[in-house]
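Breakdown of the fold
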Amino acid sequence: MEKQWYFNTVTEQPELGMISPASHRMGPYKTREDALDAWKIVQERNIKWEEQDREWKRWSSDEK
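Computed from a predicted structure; not experimentally measured.

Attention now moves to the overall build of the protein chain. Helix and strand counts for the protein chain stand at 2 helices and 3 strands. Seen in sequence order, the protein chain has helices and strands lined up from the N terminus as β-β-β-α-α. Looking at the protein chain as a whole, 20% of its 64 residues qualify as buried. When the accessible area of the protein chain is evaluated, it comes to approximately 5400 Å², of which 52% is carbon and sulfur surface. In the protein chain, 11 side chains carry a positive charge and 13 a negative one; their mean positions are 2 Å apart.

Quick look at the packing of aromatic side chains now. Counted by the stated rule, this structure contains 2 aromatic pairs. Aromatic side chains Phe7 and Trp39 sit 6.1 Å apart centroid to centroid with 80° between the ring planes, which places their arrangement in the edge-to-face category. Separated by 32 residues along the polypeptide, Phe7 in strand E1 (residues 5-8) and Trp39 in helix H2 (residues 38-62) bring together distant segments of the chain. Overall, the relative accessible area of 40% leaves Trp39 in the partly exposed class. Cation over ring: Arg25 sits above Tyr6, and NZ or CZ is 5.4 Å from the ring centre.

Procedures and definitions
Residues numbered from 1 in each chain as written. Predicted model: local features only at pLDDT ≥ 70, side-chain atom pairs only at ≥ 80, totals over all residues. Heavy atoms only, no water. Helix = DSSP H or I, 4+ residues; strand = E, 2+ residues; numbered from the N terminus. Buried < 20%, exposed > 50% of the residue type's maximum accessible area, 1.4 Å probe, protein only. Areas by Shrake-Rupley, 256 points an atom, 1.4 Å probe, with all protein chains shown as cover. Lys, Arg positive; Asp, Glu negative; His and termini not counted. Charge placed at Lys NZ, Arg CZ, Asp CG, Glu CD. Phe/Tyr/Trp six-rings, centres within 6.5 Å; stacked < 30°, edge-to-face > 60°. Lys NZ or Arg CZ within 6 Å of the ring centre and 35° of its normal.

This is the structure:
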C-alpha cells in the first residue's frame, strides 16, 4: 500500500506517512500539495457544512 500524505498541525509541515501523533495530524491527502493546503481544505469544508446546517435548520423550522 502506498503511503499517504498528512499535515502536522504543530510543525505545519507535510509528512509522508503517519509520522506524528494522531492528535497532531490531518489527513490523509493524496499529494504533498494537498497536505500543504490542509488548512484551506478545512476552512472550505467548514463553510460548506455551516451552509448545510443553516439550510437544515431553515427547512426544519419551515415544517412547524
